Every structure is written in structure tokens, then in C-alpha cells.
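Commentary on secondary and tertiary structure
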Amino acid sequence: MPHVVGTAGHVDHGKSALILALTGTDPDRLAEEKARGMTIDLGFAWTTLPSGREIGFVDVPGHERFVHNMLAGVGGVDCALLVVDAMEGWQPQSAEHLAILDLLGIATGVVALTKVDLAGSERAAEVAVQVRERLAGTTLADAPLVETAAPAGLGLDQVRAELDRALDRVAEPPDRGRPRLPVDRVFTIRGSGTVVTGTLSGGTLATETEAVVLPAGRRVRVRGLQAHGRPVERAAPARRLAVNLAGVATAEVARGDVLTLPGQWRPTRLADCRLRCLPGRQPLRARGAYLLYAGAAEAAVRLQPLDASEVPPGDHGLVRLHLGAPLVLDPFEPVVLRDSGRDETVGGGLVLDPFPLAPVHGTTGRVRRIEELEAREAAGRDGLLARVLAERGLVALAALPALAGAGGDRLGAALAAAVEQGLALRGRAVAWAPDAWHQAREAVLRAVAAHHQAEPLAAGMPVQLARAAVWRAGSELGRNRAPAGLRSDEGATREAGAASGGGPPSVSVTQALWAAAGAEAVDALVAAGQLVAEGPVVRLPDHGVRFDAAQRAVRARVEAAVAEAGVTVKSDAELAALGADRGLLDVLVRLGVLVRVAPGLHLGRGALDQAVGSLRHAFPDGRSFTATDAKQAMGTTRKTAIPLLEHLDRSGVTVRNGDLRRLAG
Ligand SMILES: Nc1nc2c(ncn2[C@@H]2O[C@H](COP(=O)(O)OP(=O)(O)O)[C@@H](O)[C@H]2O)c(=O)[nH]1
Ligand SMILES: [Mg+2]
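Attention here is on the structure that accompanies the text. Because the structure is predicted, anything quoted here is derived from the model rather than measured.

**Regarding the side chain of aspartate 339**
Residue position: aspartate 339 is located in strand β20 (residues 334-339). Here the side chain of aspartate 339 touches glycine 341 through a polar contact of 2.9 Å, landing on its backbone nitrogen.

Next up, the structure:
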């Protein structure tokens, strides 16, 4: 299993010399770095440890001016090689880099005491004690210390052995079916084109796959992969990779971009986090100016403390990040915060929700958000999907990878497990929290009942309106999302993009989501027999048209009138004179009491049957007849015969050919 080891430590303490000695590769590749004898940007090298384990190194600059480059490289590493000069001892960037490793939760590492050839063993022992003190209480408290002198080859075997031992304890990097490669370097190779490098996490990446560079959303193709200098067909997580991309120019990709698979990730400008403030720093505050580091990316950020007015030094709190530029963030991803004015690392922590809904309003909203975030912390990654559904009520399946932090089969398995535990329901296009699913169907039933109440003569509620009841109940279903969120065009356009295979999926509640949710709820009610679907409407099973006393009297007069008229049409005006308005006539047509042979012209149902019977009698065996023949056979006037015949044509009873007709079938 491959691993990535990152160096850390103060400038000139011997990081790059140690990597050169361990790997034979000089990580300082820039001319300027060679000229100044100082690492400015990230360097990369790899080697095979005595166990046969392959490791990639990310060598970082130690100078305080280049901490941002250090942060770009340290994001994906799973083991640290912290370097301390045995002469100089602990220095400011020793402390800052250690704090960063600690904030990132990097819990395995080896400490190299360098330049022991110059320092002598007494001084080296002194510094060792000092380093131990500094490590206490951090993730690296138990890291082994090795004395080295890289140019002389001293201590190298021991460093290799300790790295092996440390990496034995590193858990297998998780595969969540959702690969991501934060880009830390971009260059052009003649004949191949654009190449990006980074540390792969979250899933496997294969050649000849379609991919997306975020945040821009540019579609690319993975033309080739190289791991530690060798071409590979596919690569597993926690690997240093060079990726040859087709479909993008070198100038169109930059450090901090993220290579992902289509539809699985989405950039965000808002994230709720648990942040720590380092001891001895200014409190983390809303009015401070900060930079956030995540993966290989950096963005200006404004803080909104959620559970207190600020995060005091040495303490932690829940904080909403308002990012100045879109970042690709994973739930439970570690981030680092620097004060941009003072240019120092001040804190960091874990992203808990990279897609918080709507602004937090008032005390109730704030308290609920805090509870939700604490529930996410308690649930952890494995419980995230259920928490997302509990918070939102319903989520488009297309948005689940970004929200729940998993993709492909892994997401399918997580959803199936949540369904199994009664924490989720899976619809055609929507994943539901069980109570939201219940509420959605209740909302539809209530809406249909209310419709019956308001329009007792209607056959039922137009199905579109019944579906929209779910949308109207959205403020309850979506919990802290007001239905106003539906008007966010962001969601709709992104969803459309995802459907066509274009942009990333939306994670906000969209019109498409509500339409799908409404259809799922109505269809389920119909399938369960709780609603009856009749053409364009749905109704409760026991709903029938209900006439009041006056309407019953009108109906009786109309029925008597059309019975008396026989095969002679009655106009709307004639029936209106009996008290029947258009609405009542519609109902009588629907009930089959009347037949509307043409707009505004009605016959009694019995008269129509009688007329057809006359035609069958007069023109058996498909014999043709003219309109005049028919008029005579039916014993009616031309005023009735013509619209009646056209009605019979339309309903397929008669077949017309020029001036002649015959009975069908
Ligand atoms: N004598 C001696 N010199 C060293 C040792 N490690 C590094 N150096 C030298 O110290 C200088 C700074 O080392 P470098 O690796 O560039 O430091 P970095 O800034 O931490 O990467 C270089 O001139 C190295 O050759 C060591 O163990 N012994
Ligand atoms: Mg260096």
C-alpha cells in the first residue's frame, strides 16, 4: 500500500538534504531554489522502504514566507517527517509546522534531529529533550526521534525503519467511491500536453475516464496516469500521481484546483466547521481577516462563530466559513486557518457541513444548527448520510455524493444500510428521511381533501397541484429551508447541467427536486390505494360529486328537458334558462348525464344512444350514408344532425369519407 510522507520543519534545518539522501532525488527543482539553496515551492520524490512499501515524499519549504506552499503540499500526506536542526534547536517554523500537522490530524510521523555531525551528541541530546517537550500534547507526541547527518549518510537506515514502523500503524486510506486529486503542480510535457500532480484520496482514478476540474467545472479526459515515475492504468487512494489531461490547456488549471469525477463533487462558498484557536493567538473572530487552507487550495475567508461570539485561544467552537472563492470541501476534511494580516497560523479544524442551508436566523435557527452540527460530529462519517437526510428531509439522489461524501457503489451501500435501519427511504430520484416521506404524503392527502371541500363538483384535484402540495409543505420538510430557497436559480441550472452530464450536481433544493418529490409522493399514494388517479386528476377513494339541494333541482330540470327534447340539441343558453351554469354542465357531462356534441350544444345520453341505434338499424353492414340520410334516419333536424355526426366521427362511432359515412366496426 503506497503512502505519502510530508516533510516539516524550520528553514535550513535539513529537510531537502534528508529527502535527497533517502531517495537520490533532489526535491529542490527550481533554478531559483538551487541558486538560493532554499526550498521555495513543493518538491517531490519517492523511494521504497525496507519492507517493500513504496512511499512518495512531499518536501515543503520551511521559510515563514512560504508557509502557504507548505500548506498546499501537506494536505494529503498521511505521515510526517519533522526535521529539527540539532544545533539550532526548536525554531518558529518548527512550531508552526507542528501546529499545522496537529491541526490536520496527522498522527503518525518520525522526527529527524539533523546535523548531529556538527552539533555533537551532547547538544543533540539537549535538543532531543527540547523537542520531546514541544511534541507533548500533539498528535506526534509519541513520534520516534532519530539522529541524522544526511550528507554523511548517518541515521538514514534508522529513518527508513522508523518510517516503515510508523506507516504500519496508518489505517488503509479510505475508498469512498469518490476520488479527488487536489492539484499541487501543473506543467506541460511536450507531446503529452497538460500534466497535473497531487495526492489522490477518496477513491480510485483510472485512465481514459471523463473527469472534471473544479471549481471551474471544466470537462477533461484522463489520458494517462503515472505513479512514482511509472505509467499505471488505475491508482488507489493515498498515492502521489501525475495525471495527463486531455481537453484543457496548462494555463487553464492551477494549484488549488481539484480533479474529480463528474457529478460527485461541488465547490462551495459556505461551510460549517469545528475550529480550534491555537494557544497564544488572538481569538478567532467575525471581524478578523483570514485565509483558509484545504487540500492544495487557499481562499480568503470570513468567520461567523455560531456557538459563541468568538473562539478564544486554546479553545474550540463551531464556526461558519464565508469563503471569498469557491473551494471543494469534503465533510470531515481538516482545514487550517491563517491570519492574513499577521501572517501566522492561528487555528484550524474539521469541516462538518460543506453545504449549510440558508442563513442561520435568530436564536432558534442557531440552536438548531448547533445541534445538527454536534449530531454530525457524533455520527461521524459513517452516520453522515442519515444525518443529512434528518436535517434536510429529502435530497435529490444526484446531490447525495457531494452531501454525504460518498459515491458509486459505496454510496449505494450506505443508502441501503440507512434504509435497512429505517433511517432513509429511497425513491426514484429522491432520498427521503422517513418522517419527511410521511409528512409529504400527509400533505398531499390534506391538499386533496381541501380541494374536494372547496370544489365538491370537481372530479378531483389536478395531479400537478397535488404534487405541488409537497413543495408547499417544503418549509416543514426541509426543516430550516424556507420554500423561498426554491427560487435559487443556482440549483435549477446546476441540476439541469448534471442531467446532461455537464456541471456538478446541485445540493440545494431545486424545482426539479420538488417536482420529483411531489411525483413520488402522489404515485406512492395512488399505488397504496390512498388516492385514485383519474385522467388528469387525483381524488380520495370515497370522493364523489356532491350536489346541494338547489343543484339537485337544476339537474332534475335539465334531465327532464333533454329527455323531452330527444334527438335535438339544447344550447347552453337554453339550459342556462333552467339554472344550469357552465360548471354544472361540465359535471353533468362528466357524469354522463349529458353529451356535449359541440361547444355549447348538448344532448341527453339516452338521446345519443337512441340516435346511434337508429343509424345501425338504417345502415347495417357498413352501408354508406349521407348527412341527409342520417338526418332522416335519426328523425332530427340538420341543426342537430351535423354536429352530432361530427361528434360521432371524433369518437370513432362513424367513419367519414368525403360526403359519405359508415358506421365503424
Ligand atoms: N553537515 C550537515 N549539513 C547538513 C545536514 N543536513 C543538511 N545540511 C545542510 O544544511 C543546509 C540546509 O539544508 P536543506 O536540506 O536545504 O534545509 P531545508 O531548508 O530544511 O530543506 C544545506 O547546505 C545542507 O547541505 C547534516 O545533517 N549535516
Ligand atoms: Mg528545503
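Moving on from the model shown.
**Observations concerning the layout of surface pockets**
Approximately 980 Å³ is the volume attributed to the largest pocket. Lining the largest pocket are 42 residues, with Gly75, Gly76, Val77, Ser201 and Pro334 positioned closest to its centre. Looking at the lining of the largest pocket, the elements that each hand over two or more residues are α3 (67-74), β7 (180-189), β8 (193-200), β17 (290-294) and β20. Looking at the lining of the largest pocket residue by residue, the classes come out as 23 nonpolar, ten polar and nine charged.

**Examining the sheet that holds strand β1 (residues 3-8)**
Strands sit in the order β2-β3-β1-β4-β5-β6 across an open sheet of six strands; the sheet is mixed. Strand pairing shows two members of the sheet lacking a second neighbour, β2 (43-48) and β6 (145-147), which therefore form its edges. Taken over all neighbouring pairs, the strand axes of this sheet differ in orientation by 25° on average, direction set aside. Alignment of strand β5 (residues 109-114) against β6, held across three bridges, turns out to be parallel. Directly across from valine 111, in β6, lies its bridge partner leucine 145. Where helix α1 (residues 15-23) meets the sheet, its contacts fall on β1, β2, β3 (54-59), β4 (79-85) and β5, and the angle it forms with β3 comes to roughly 155°.

**Section: the state of the cysteines**
Within this structure, the stated rule accounts for zero disulfides. Free of any disulfide, cysteine 273 has its nearest neighbouring cysteine sulfur in cysteine 277, separated by 14 Å.

**Observations regarding the coordination of the magnesium ion (ligand 2)**
Distances from the magnesium ion (ligand 2) to its protein donors, Ser16 (OG) and Thr39 (OG1), fall within 1.9 to 2.1 Å. Here serine 16 is found in helix α1, whereas its partner threonine 39 is found in the loop between α2 (31-36) and β2, with 23 residues between them in sequence. For the pair shown, serine 16 and threonine 39 are each scored as buried.

**Examining the packing of aromatic side chains**
In the structure shown here, the tally under the stated rule is two aromatic pairs. On the basis of an interplanar angle of 20° and a centroid distance of 4.3 Å, the ring pair of phenylalanine 619 and phenylalanine 625 is categorised as stacked. When sorted by exposure, phenylalanine 619 lands in the same class as phenylalanine 625, which is buried. Sitting over the ring of tryptophan 265, arginine 178 keeps its end group 3.4 Å from the ring centre.

**Concerning the sheet that holds strand β23 (residues 425-426)**
Reading across from one edge, β22-β24-β23 is the order of the three strands in this open sheet, with antiparallel pairing throughout. Two strands lie at the open edges of the sheet, namely β22 (394-396) and β23, each paired on one side alone. With two bridges joining them, β23 and strand β24 (residues 430-432) adopt antiparallel strand pairing. Residue pairing for β24: arginine 426 is matched across the bridge by alanine 431.

**Points about the site of ligand 1**
Around ligand 1 sit 16 residues, and of these Asp12, Lys15, Ser16, Ala17 and Asp117 come closest. Here glycine 14 contributes a backbone N or O atom positioned 2.9 Å from an oxygen atom of ligand 1. Here an oxygen atom of ligand 1 sits 2.8 Å away from a polar atom, N or O, in the main chain of lysine 15. Relative to its free-state accessible area of 570 Å², ligand 1 is covered by the protein chains to the extent of 77%. Residue composition of the shell around ligand 1, grouped by class: six nonpolar, six polar and four charged.

**Describing the side chain of asparagine 69**
Mapping asparagine 69 onto the fold places it in helix α3. Apart from residues no more than four positions distant in its own chain, asparagine 69 is found in contact with Ile40, Asp41, Leu42, Pro61 and Arg255.

**Concerning the environment of glutamate 371**
Mapped onto the elements of the fold, glutamate 371 is located in helix α7 (residues 362-379). Spatially, the C-alpha atom of glutamate 371 lies 16 Å from that of leucine 350, the residues being 21 residues apart in sequence.

**Some details on helix α16 (residues 549-565)**
For α16, built from 17 residues, the straight-helix expectation of 24 Å at 1.5 Å per residue is met to within 8% by its first-to-last C-alpha distance of 25 Å. When we look at burial in α16, the residues that qualify are Val554, Val558, Ala561 and Val562. Along the axis of α16, the buried residues cluster in a sector spanning 90°; they form a single face. What points out from α16, more than 90 degrees from its buried face, is the exposed set Ala549, Arg552, Ala563 and Glu564. The elements touched by buried residues of α16 are β28 (570-571), α17 (572-576), α18 (582-591), β29 (594-598) and β30 (601-604). Backbone geometry just after α16 places glycine 566 at a positive phi near 60°.

**Concerning the pairing of β30**
Every second residue of β30 is oriented toward a common face, with Leu601 and Leu603 on one face and His602 and Gly604 on the other, all of them buried. With antiparallel pairing between neighbouring strands as the criterion, β29 and β30 make up a hairpin whose turn holds two residues, including glycine 600 at a positive phi of roughly 85°.

**Thoughts on a negative patch on the surface**
A contiguous patch of negative charge on the surface is contributed by Asp307, Asp315, Glu371 and Glu374. On the secondary structure map, aspartate 307 appears in the loop between β18 (297-305) and β19 (316-327).

**Observations regarding the packing of α3 against helix α4 (residues 92-103)**
Interhelical geometry of α3 versus α4 gives an angle of 30° and a closest axis separation of 11 Å. Here α3 lies roughly parallel to α4, going by the angle between them. Our pair here, α3 against α4, has a crossing hand that is right-handed. Contacts between α3 and α4 pair Val67, Met70, Leu71 and Val74 from the former with Glu96, His97, Ile100 and Leu101 from the latter.

**Section: the pattern of salt bridges**
Per the counting criterion, the structure on display carries 39 salt bridges. The salt bridge involving arginine 36 is made with glutamate 32; its shortest N-O contact spans 2.8 Å. Taken as a pair, arginine 36 and glutamate 32 lie in helix α2 at a separation of four residues, close to a single helical turn. You can call arginine 36 partly exposed: its relative accessible area is 43%. Residue classification places glutamate 32 among the partly exposed positions, given a relative accessible area of 42%. In this structure, glutamate 372 and arginine 369 form a salt bridge, with 2.9 Å as the shortest nitrogen-oxygen distance. Taken together, the positions of glutamate 372 and arginine 369, both in helix α7 and three residues apart, correspond to about one turn of that helix. Pair check on accessibility: glutamate 372 and arginine 369 agree, each one buried. Salt bridges here are not isolated pairs; linked through shared partners, they connect Asp272, Arg320, Asp353, Arg369, Glu372, Arg376 and Glu391.

Each value, and the rule that gives it
- Residues numbered from 1 in each chain as written.
- Chains lettered and ligands numbered in written order.
- Predicted model: local features only at pLDDT ≥ 70, side-chain atom pairs only at ≥ 80, totals over all residues.
- Heavy atoms only, no water.
- Helix = DSSP H or I, 4+ residues; strand = E, 2+ residues; numbered from the N terminus.
- Polar contact = N/O pair within 3.5 Å; in protein donor to acceptor, adjacent residues only side chain to side chain.
- 1 Å grid on protein atoms, 1.4 Å probe; cavity = no way out; pocket = protein on both sides within 12 Å on 5 of 7 lines; lining within 4 Å.
- Points joined across faces, edges and corners; volume = space filled by probe spheres on them.
- Nonpolar A, V, L, I, M, F, W, Y, C, P; charged D, E, K, R; others polar.
- Pairing = 2+ DSSP bridges.
- Axes fitted to C-alpha atoms, helices over the stretch in contact; angles between N-to-C directions.
- Contact = heavy atoms within 4.5 Å.
- Disulfide = S-S within 2.5 Å.
- Donors = N, O, S within 2.8 Å, 3.2 Å for Na, K, Ca; no water.
- Buried < 20%, exposed > 50% of the residue type's maximum accessible area, 1.4 Å probe, protein only.
- Phe/Tyr/Trp six-rings, centres within 6.5 Å; stacked < 30°, edge-to-face > 60°.
- Lys NZ or Arg CZ within 6 Å of the ring centre and 35° of its normal.
- Near = heavy atom within 4 Å.
- Areas by Shrake-Rupley, 256 points an atom, 1.4 Å probe, with all protein chains shown as cover.
- Expected span 1.5 Å × (residues − 1).
- Arc of directions from axis to C-beta.
- Patch = residues over 30% accessible without salt bridge, like charges linked within 9 Å, V, L, I, M, F, W, Y side chains within 5 Å.
- Salt bridge = Lys/Arg side-chain N within 4 Å of Asp/Glu carboxyl O.
- Lys, Arg positive; Asp, Glu negative; His and termini not counted.
- Charge placed at Lys NZ, Arg CZ, Asp CG, Glu CD.
- Parallel < 35°, antiparallel > 145°, perpendicular 65-115°, else oblique.
- Left-handed = near helix turned anticlockwise from the far one by under 90°.

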